[in-house]
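Spelled out from the first residue to the last, the chains are:
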Amino acid sequence: MKTPAIAAAAPLLALAALPLLLHSDFWLHFAIMTLYLALLGQAWNLLGGYGGQRSFGHAAFFGTGAYAAALLQLDFAINPWACMVLAGGFGAGAGAFLGALSFRYGLRGSYFALVTLAFAEVFRIVADSVPFTGAGVGLQIALKESVADFQFPEKSGFYAVILALTAIATALAWWIENSRFGAALVAVRENEDAARALGIDVDRTKLWAITLSGALSGCAGSFYVQYFLYLDPRIAYGVEVSVTALLVPLIGGVGTVLGPLVGALALRALNEASSAMTGGAPGLNLVLYGALLIVILALLPDGLISLGTRLRRAGRLSALGHA
Amino acid sequence: MPRHHWSVTRRRVLGSAGAAAIAAIAAPAILRAQAKTVKVGIIHPVTGGVSYSGTQSRAGALMAVEDVNARGGIKSLGGATIEGLISDAQSKVDVAVSEIEKYNEAGVSAILGGYASFICMATTQAAAKHGIPYVVDVGTDDRIVSGGLTNTFRFSPGYGVFVGTAVSALRDINAAAGNPAKTAIVVHEDSAFGTGTAGLLAKELPGIGIEVFEVIKHPTPTLDFSNIVLTIKAKKPDIVIPANYYNEYVLLARTMLQQKVRPKAIYSVLGGGASQYKFVKEFPEAAQYIMDCNHWYNPKNPAALALKKRTEEKGLFYTYEVFLNYTAAMLLADALERAASSERAKITEALAASTWAGHFMPYGPTKFEHGQNTGARAVNLQVQDNDIKVILPAEFANAKPVFPVPA
Amino acid sequence: MLDFDILLPAILNGLSTGAVYALVALGLTLIYGVLHIVNFAHGSLLMLALYGVYFLYTLLGVDPFAALPVVVPAMFALGYALQRTVIATASHGREENILLVTLGLSIIIDNLALYLWSADTRTINPSYGFSTVDFGIAFIAVPKVVSFAGALVATGLLWLLIRRSDLGKAIRALARERRGAELVGVDVDHVYAMSFGIGIACVGAAACLLLPSYYVHPGVGESFVVIAFTVVVLGGMGSFAGALLGGFIIGVTESLGGLLLGENLGRIGVFAIFIAILLLRPTGLFGQRA
């Protein structure tokens, strides 16, 4: 079921108006983090949802983009805005590198998941050991609070940027649903051998998908650096990013345009709710995420976004007198 | 247990922030209630890799808040009590920064704590964004006070002072024993404090005739020191110089004992476990004769000893985290008193002009330059007879150095 | 620098840790060999078992080695229940989902531990904890020597179980030919759950042997899961001999890596092997094509 363009665009347009209504820093931060999660999730979705290549190591791309953005502005005095574009490039590069190796050696399914995890860990270890990346000390961006330096005195500035990025990612997802490339990608996901028999260049298709996915993840990494002004190997390449990247689309609706947005909202809301209940004790929110993942896999494999369709279908069936 | 006059509230995001949000949507200005309390954010890593230190730190800070409120609060503010809003940095920078943002939302007048350098570096900056005065409790990285942040104040010394004191003390101790020490290996933890300290040591030690064989780094946490100790065993340095946090320090010392590696001295600089009663009590054999250049209280000051007794009565060890946090909180209370205001900018001004002398630290006169108290001093200690003694400087010493370690 | 004096003790240390890795990997390779489940929750279950051993020691004073008869059956029961209830139902038998379900389980277990017991690292301090056995060229800590012996014994027992018992026969039959096994009356669901249970029981044994010379915190599962997978993939999915050999190789690699490259970079050797095997020889040393 393809998402029509208007259904994809409407929520984003509505979100654009949000800062006009909200003045609270708290809610703006909530909205920013939700969109950030959606971006991360959408990036994973391109490769894992539409492409069916489920990576457990998306941090490899995110972290590379983040470090690129941080190092380019700290060591090479490159303008932070340009750094975001370059971060996307580095993320894409990481994606292409990982993809070229994995796909060329025919890794699929669980093996692919494991190799991506291993790469993310290798990157983390290297970043942790090498003085260039600040090793264990991490990198801190100096507080500047000027738009030219990609730091906004008001949160609404950050909101605008992340909304734009998420809109681009969503547009990419929509394009994939409606393009030949996307059709080829889905064909590869469904049955690689059949796709190859149809004349699709399977390796190239997968490679493009992972490169795009890497580029978006890299941009997300760069945004993180600008918003939090601090980066270390655990934040950049740790398991938390990789797991979040896959939880968001899986819970929201994998392989759909709006799934990642729904998933991001669900996870973020769950996060705040559990924080309030436990007074901020760490861990509980992730327990809920894990439980939600299992419940979704068991009962709602198409994600939260399919809840509407399911309920409607159940309603129709019962109206017709079926169980 | 003394009766509590203060309230300590855990931050509840949805609670007060949600209420603030509703107020924000409904009305442009948030009305502040009449200040019967001054809100101070107290943040420490009470869970995670440096949790022991975080917990000790928090205890010290809260004892000070208790004392201030018990003696009538901030008199210039009509007896307003200090309301400490405590939070857990979880030994993670991103979590700590989020907590600072929440403090801003809650309208704190000042923030105290951080403990670890790697946390303080980010939290002071996050607080600076909102102009909140920040008193660093321990965080010895000198970049914390040299980054140009006008909101940041540190009463205790940074690792520059420690390395300077440690190196000249070592030169004197070595000379007094006939210069038996000529080589060293430095073992440090890999975050801001350890890396910075080790870097300085590697630079300064050759100047007093000590060759540094190797500088070995390790992450926090590290739970197996077999390989590092093997390397030390192979290289046979005269001195081993650790600069790390409590758990790793203890494990290193114990592993060295286990593998029968006995250098002429373990001479730590800001050794996480060295000047720690907990270590001395639990592992006396491993702790015996370890020398340290670290934070310490004036052993001749009755107020310091009274706090020690009180801390031990609570079932806690009297560690540097406790008395440094106590002191930092009292510094803040004094500034609040002189500022006669709960406004952030006025408190910052008061801190910058502080000449506070009501403390029990072995320091010179208080004077803040770029956020650093120039009166702050380091002290040399050694574990002797299952107790921690001050061996230098002479004016505070209650024992003589034992060097080299008897065979 | 690379003299025998320090290389040999490092290798011996590596062998003793490697034996425990082998024990963990044995469970994982059994689970994969029979159920074709890539059990992502393996490390988390090890972490859970470690906490179990820790609390038995600190709250009830039970020595970790003496805790074996308690922890092993408990972990077996947990494994059996998990497979029968959660994994089988939630994944609907689809392979791509099984990995995700076990991932979900690992997230739940890891973070439940974080929430309940905080992120502090816990160690125990038994009286023999820092004593050493003098091997002439090296002092090896007593717990490490015991865990080495224990792991070998456990491997032997497991091998006996699979090769000589009726259950073992059923397991092997099921692993090789599910339909055929069903037809001759093997209760598939039960034997699947038994296999998973045995695999997790191995993890319980490993925890008892590991804690005296190691530590536990909620993140330990994460680091173990990759080590376990590396060993299994290196040895070959489904091969016991492979898991044992692989365990030793990885243990020694990790130890030498730490010695030569430092504590920060040392781990890279293990991952490098992991990636190389996955890319170049995914069947590992002794594995068959999945």
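Above this text sits the structure in question.
Just so it is clear, the model here is predicted, and its values are computed rather than measured.

(A) View of the overall build of chain B. In terms of helices and strands, chain B carries 13 helices and 15 strands. Its C-alpha atoms give chain B a radius of gyration of 22 Å, within 12% of the compact-globule value 22 Å for 407 residues. Referenced to the eigenvectors of the C-alpha coordinate spread, the extents of chain B come out at roughly 75 × 40 × 40 Å. Within chain B, buried positions represent 63% of all 407 residues. Put simply, 71% of the contacts in chain B that link residues at least 6 apart link residues at least 24 apart. Here chain B has roughly 14700 Å² of accessible surface; of this, 55% comes from carbon and sulfur atoms. Computing the positive centroid from 40 side-chain charges and the negative centroid from 34, chain B places the two 2 Å apart.

(B) Just the packing of aromatic side chains, in detail. Within the structure shown, the criterion is met by 48 aromatic pairs over all chains. Geometrically, the ring pair formed by W27 of chain A and F30 of chain A is edge-to-face, given 5.5 Å between the ring centres and 70° between the ring planes. Of this pair, W27 of chain A and F30 of chain A both sit in helix α3 (residues 25-50), three residues apart, which is roughly one turn of the helix. Using a relative accessible area of 13% as the deciding quantity, one classes F30 of chain A as buried. Consider the rings of F158 of chain A and F223 of chain A, whose centres lie 6.1 Å apart with planes at 85°: the pair is edge-to-face. One end of the pair, F158 of chain A, is in helix α7 (residues 155-178); the other, F223 of chain A, is in helix α10 (residues 202-228), and 65 residues separate them in sequence. The burial state of F158 of chain A is the same as that of F223 of chain A; both residues are buried. Ring-pair connections join several aromatic residues into one group, and the members of that group are Y36, F62, W81, F150, F152, F158, F223, Y224, Y227 and F228 of chain A. Sitting over the ring of F139 of chain C, K260 of chain B keeps its end group 4.9 Å from the ring centre. Positioned above the aromatic ring of Y277 of chain B is the side chain of K308 of chain B, whose terminal nitrogen or guanidinium carbon lies 4.9 Å from the ring centre.

(C) Geometry of the state of the cysteines. Applying the stated criterion across every chain yields a total of zero disulfides over all chains. Counting only cysteine sulfurs, C120 of chain B is the nearest neighbor of C293 of chain B, a cysteine outside any disulfide, at a range of 19 Å. The thiol of C202 of chain C is not disulfide-bonded; the next cysteine sulfur, from C208 of chain C, is found 12 Å away.

(D) Representation of a positive patch on the surface. All names here are of chain A. Taken together, the side chains of R310, R312, R313 and R316 present a region of like positive charge at the surface. Along the polypeptide, R312 turns up in helix α15 (residues 307-319). Take R312: its relative accessible area is 52%, and that puts it in the exposed class.

(E) Inspection of the pairing of strand β3 (residues 81-88) of chain B at higher detail. Residues and elements named next belong to chain B. With seven of eight residues buried, β3 is to be regarded as a mostly interior element. Examined bridge by bridge, strand β2 (residues 37-44) and β3 share eight bridges and lie parallel to one another. By the bridge assignment, H44 is partnered in β3 with D88. Of the crossover connections in this fold, the one passing from β2 over helix α2 (residues 51-70) to the parallel β3 is right-handed.

(F) View of the pattern of salt bridges. All names here are of chain C. Following the criterion strictly, the structure yields 28 salt bridges over all chains and no others. A salt bridge links E182 to R178; the shortest N-O distance between them is 3.7 Å. Of this pair, E182 and R178 both sit in helix α7 (residues 178-183), four residues apart, which is roughly one turn of the helix. Given a relative accessible area of 36%, E182 falls into the partly exposed group. Among the residues examined, R178 registers a relative accessible area of 40% and is labelled partly exposed. Taking the shortest distance from any N to any O, the salt bridge between R267 and E254 comes out at 2.6 Å. With R267 in the loop between α10 (240-265) and α11 (268-280) and E254 in helix α10, the pair connects residues that are 13 residues apart, well separated along the chain.

(G) α2 of chain B, seen in detail. Residue and element names in this part refer to chain B. In this model α2 runs 28 Å from its N-terminal to its C-terminal C-alpha over 20 residues, within 8% of the 28 Å that 1.5 Å per residue would give. With respect to burial, α2 is a largely interior element, 17 of its 20 residues being buried. Among the residues trailing α2, G72 stands out with phi positive, at a value near 110°.

The rules behind each value
- Position numbers for residues start from 1 in each chain and track the written sequence from start to end.
- Here the convention is simple: chains get letters from A, ligands get numbers from 1, in the order in which they are written.
- Since the coordinates come from a predicted model, pLDDT governs what is reported: local features require at least 70, and pairs of side-chain atoms require 80 or more to be given and counted, while whole-chain, interface and lining totals use all residues.
- Each side-chain value is derived from all of the structure's non-hydrogen atoms; neither hydrogens nor water enter the calculation.
- Strands here mean DSSP runs of E at least two residues long; helices mean DSSP runs of H or I at least four residues long; both are numbered from the N terminus.
- Using C-alpha atoms as the atom set, the radius of gyration is obtained and then compared with a globule rule of 2.2 Å times the number of residues to the power 0.38.
- A simple rule labels every residue: compare its accessible area, found with a 1.4 Å probe on the protein chains alone, to the largest value its type can have, and call it buried under 20%, exposed over 50%, or partly exposed in between.
- Every residue pair with non-hydrogen atoms within 4.5 Å of one another is taken to be in contact.
- The method behind every accessible area is Shrake-Rupley, applied with a 1.4 Å probe, and residues are considered shielded solely by the protein chains displayed.
- Neither His nor the chain ends contribute to the count of charged residues, in which Lys and Arg are positive and Asp and Glu negative.
- Note on charges: their place is set at NZ of Lys, CZ of Arg, CG of Asp or CD of Glu.
- Between the rings of Phe, Tyr and Trp (Trp by its six-membered ring), a pair exists once the centres lie within 6.5 Å; its type follows the angle of the planes, with under 30 degrees stacked, over 60 edge-to-face, and the other angles tilted.
- Note on geometry: a ring has a charge over it if NZ (lysine) or CZ (arginine) is within 6 Å of the ring centre and within 35 degrees of the ring normal.
- Our working definition of a disulfide is a cysteine sulfur pair at a distance within 2.5 Å.
- Exposure above 30% relative accessible area and the absence of a salt bridge qualify a residue for a patch, where like charges join within 9 Å and nonpolar side chains (Val, Leu, Ile, Met, Phe, Trp, Tyr) within 5 Å.
- Within this document, salt bridges are pairs made up of a side-chain nitrogen of Lys or Arg and a carboxyl oxygen of Asp or Glu, the two lying within 4 Å of each other.
- A pair of strands is treated as paired once DSSP finds two or more bridges between them.
- Look down the strands so they point away from you; if going from the first strand over the helix to the second traces a clockwise path, that crossover is right-handed.
- For a helix, the expected span equals 1.5 Å multiplied by the number of residues minus one.

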